[in-house]
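Residue-level structural notes
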Amino acid sequence: MNVPARFSALSIGPRRSSRCLVSRVCLLSLFALGPYGTVSEAQNAVILVGSGSSVPAPLYNRWAQEYGKRNPNIQMRYLPVGTSEGIKEISHGAGDFGAGEAQLTDTQRKEGGLIELPVVLIGIVPIYNLPDVHQEIRLSGEVLAGIFLGDVKTWNAPQIVKLNPELTLPNLPIQVINRPGGKGSNYVFTDFLSKVSSKFRAQLGVTPSPKWPVGTPAERSSDMADKVKSSPGSIGYVEYQYAMKGNISQAAVLNPSGKFVKASTESITAACKAIEAPRWNSFSASLTNAPGADTFPITSFTWIYLRLTTTDSARAAALSDLLDWIYTEGQQFAIQEGYSELPPPLLAAVRKKAKDLR
């Protein structure tokens, strides 16, 4: 939480390339003005800035709107730049918090002085576009791994037909759409696929920046949803609420209990409970491929990344106020935006941990 009190070209973090620096300064300048009419008015406010994944971007944008109504002197803005970039920014002292779906490494925790706290639950869902198939498709992790490795190439491939014997699947090439490097949805998706496919684990592994052998990239979660929705024969993966709001077909995924489960608030929460209960203190746990008959297997936390030390008491106080609000009033907006809230025992434990950080 060691961040400057005011924004300027020299105070947003370490020097980068001129293109990156200029774009970031322009964005922060726009954010700094926010609802205020002049720069002088903005300078009287503390404007907390976070950056990171586009997976929770709709939620953070809603939070910025609702939180800003409480006190004009404390505002929040969010930059969807990707999970890896968000971690890098907060590690280097740029901004007040990061956000994303990748677990911090020991090095990031020690050298960056960082901690992650779960904010809400998310599900990364396989989405597809097959206009003439009107029943949901069932997919296993092994088959998904084969598709994204380029081994399963058509929609009527034997591996897919075997899981969907009642469907008439087209002899149509599978158009793979993936995410570029640095994305939290990559981390969650590869975490799941690495658990269920030894070949995937050996070739790509768990990473926010997989070297995809096939497919075309979609920069942000909204781009992924748009590309799949507009491309017959395509398959991709996106956070559950993007699929729901976009009315995009989602596959049911085989879980460890041998049951095909679609993402829902209930199945995502079930996965969290299976890992976290009864202790409710594994704040950085992987939730993919959780046991239980009703669990959606590609579930994860989305985390907020925080620095453990600060030299700016005013910004520290503002950030503490924001965290208090996120873990109390802010949770209702998570539900409204289509995310799954933390189970009450876990929410209470996280709220206590957030208070202990002050």
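A brief structural summary. (Residues numbered from 1 in each chain as written. Predicted model: local features only at pLDDT ≥ 70, side-chain atom pairs only at ≥ 80, totals over all residues. Heavy atoms only, no water.)

1. Quick notes on the overall build of the protein
Here is the rule: Numbering of helices and strands runs from the N terminus; a helix is a DSSP stretch of H or I covering at least four residues, while a strand is a stretch of E covering at least two. Whether a residue is buried, partly exposed or exposed follows from its accessible area with a 1.4 Å probe, protein chains only, as a fraction of its type maximum: under 20%, in between, or over 50%, in that order. Any two residues whose heavy atoms approach within 4.5 Å at even a single point are treated as in contact.
Within the protein, the secondary structure is distributed over 15 helices and twelve strands. Within the span of the protein, comprising 358 residues, buried residues form 55% of the whole. Within the protein, contacts between residues at least 6 apart in sequence are counted, and of these 74% link residues at least 24 apart.

2. Observations concerning the pairing of strand β6 (residues 175–178)
Where we set the bar: Strands pair, by our definition, only if DSSP identifies at least two bridges between them.
Direction of pairing for β6 relative to strand β8 (residues 234–239): parallel, over a ladder of two bridges. By the bridge assignment for β8, Q175 is matched with S234. As defined by bridge partners, β6 adjoins strand β7 (residues 216–217) across two bridges and the pair is classed as parallel. When the bridges of β7 are listed, N178 appears paired with P217.

3. Concerning helix α8 (residues 184–196)
Let me state the cut-off plainly: To estimate the expected span of a helix, subtract one from its residue number and multiply by 1.5 Å.
Counted at 1.5 Å a residue, the expected span for α8 with its 13 residues is 18 Å, and the 19 Å between its end C-alpha atoms agrees. Burial within α8 is extensive, with eleven of its 13 residues counted as buried. For α8, the set of buried residues is G184, S185, N186, Y187, V188, F189, T190, D191, F192, L193 and S194.

4. Here's the deal with the packing of aromatic side chains
To keep things clear, this is the line we draw: Any pair of Phe, Tyr and Trp rings, taking the six-membered ring for Trp, is counted once the centres come within 6.5 Å. Such a pair is stacked with planes under 30 degrees apart, edge-to-face with planes over 60 apart, and tilted for the rest. In our convention, an over-ring charge means Lys NZ or Arg CZ found within 6 Å of a ring centre and within 35 degrees of that ring's normal.
For the structure on display, the rule yields 15 aromatic pairs. Relative to F97, the ring of Y78 lies with its centre 6.5 Å away and its plane at 15 degrees, an arrangement referred to as stacked. Taken together, the residues span a long stretch of sequence, with Y78 in strand β2 (residues 74–80) and F97 in strand β3 (residues 97–100) at a distance of 19 residues. A relative accessible area of 3% places Y78 in the buried class. Ring geometry for F189 versus Y237: centroids 4.3 Å apart, planes at 15 degrees, classification stacked. One end of the pair, F189, is in helix α8; the other, Y237, is in strand β8, with 48 residues separating them in the sequence. The exposure class assigned to F189 is buried, which follows from its relative accessible area of 0%. Judged by relative accessible area, Y237 falls into the buried class, the value being 1%. Each member of the aromatic cluster is reached from another via a ring pair, and the members are Y60, W63, Y67, Y78, F97, W325 and F333. When the ring centre of F260 is taken as origin, the NZ or CZ atom of R138, which lies over that ring, is 5.3 Å away.

5. Details of the pattern of salt bridges
What counts here: Within this document, salt bridges are pairs made up of a side-chain nitrogen of Lys or Arg and a carboxyl oxygen of Asp or Glu, the two lying within 4 Å of each other.
Going through the model one piece at a time under the given rule, you end up with 16 salt bridges. Among the salt bridges present, the one from E66 reaches R62, with a minimum N-O distance of 3.0 Å. With E66 and R62 both in helix α3 (residues 57–67) and four residues apart, this pair spans about one turn of that helix. With respect to burial, E66 and R62 carry one shared label: buried.

6. Some thoughts on helix α15 (residues 344–356)
To keep things clear, this is the line we draw: The arc under discussion is defined with respect to the helix axis, by the directions toward the C-beta atoms.
Between the first and last C-alpha of α15 there are 18 Å, a value that for 13 residues agrees with the 18 Å anticipated at 1.5 Å per step. Along α15, the positions that sit buried rather than exposed are L346, L347, V350 and A354. Across the axial projection of α15, the buried residues extend over an arc of 100 degrees, all falling on one side. Exposed residues pointing more than 90 degrees away from the buried face of α15 are listed as P344, K352 and D356.

7. Notes on the sheet that holds strand β10 (residues 252–254)
One open sheet holds the three strands; their spatial order is β5-β10-β11, and the pairing between them is mixed. Only two strands of the sheet have a single partner each, and these edge strands are β5 (138–139) and β11 (260–261). Bridge count between β5 and β10: two bridges; the pairing is parallel. Paired with L139 across the strands is V253, a residue of β10.

8. Brief notes about the packing of α3 against helix α13 (residues 313–326)
Spelled out, the test is: Only C-alpha atoms enter the line fits that serve as axes; for helices the fit covers just the stretch in contact. Angles between N-to-C directions range over 0 to 180 degrees. If an angle is under 35 degrees, it is roughly parallel; if it is over 145, roughly antiparallel; if it lies from 65 to 115, roughly perpendicular; otherwise it is oblique. Residues were grouped as follows: Ala, Val, Leu, Ile, Met, Phe, Trp, Tyr, Cys and Pro as nonpolar; Asp, Glu, Lys and Arg as charged; and all remaining residues, including Gly, as polar.
Packing of α3 against α13 leaves a shortest axis separation of 12 Å and a crossing angle of 110 degrees. By the criterion of interaxial angle, the relationship of α3 to α13 is roughly perpendicular. On α13, the residues touching W63, E66 and Y67 of α3 are A318, D321, L322, W325 and I326. Here the contact of α3 with α13 is built from residues that sort into six nonpolar, no polar and two charged.

9. Looking at the side chain of S194
Applicable threshold: Think of a polar contact as two N or O atoms within 3.5 Å of one another; within protein, one of them needs to be a possible hydrogen donor and the other a possible acceptor, and neighboring residues in sequence only count if both atoms come from side chains.
With respect to the element layout, S194 can be found in helix α8. Classification of S194 as buried rests on a relative accessible area of 4%. At 2.8 Å, the side chain of S194 forms a polar contact with the backbone oxygen of T190. Apart from the residues lying within four places of it in its own chain, the contact partners of S194 are F200, R201, G205 and V206.

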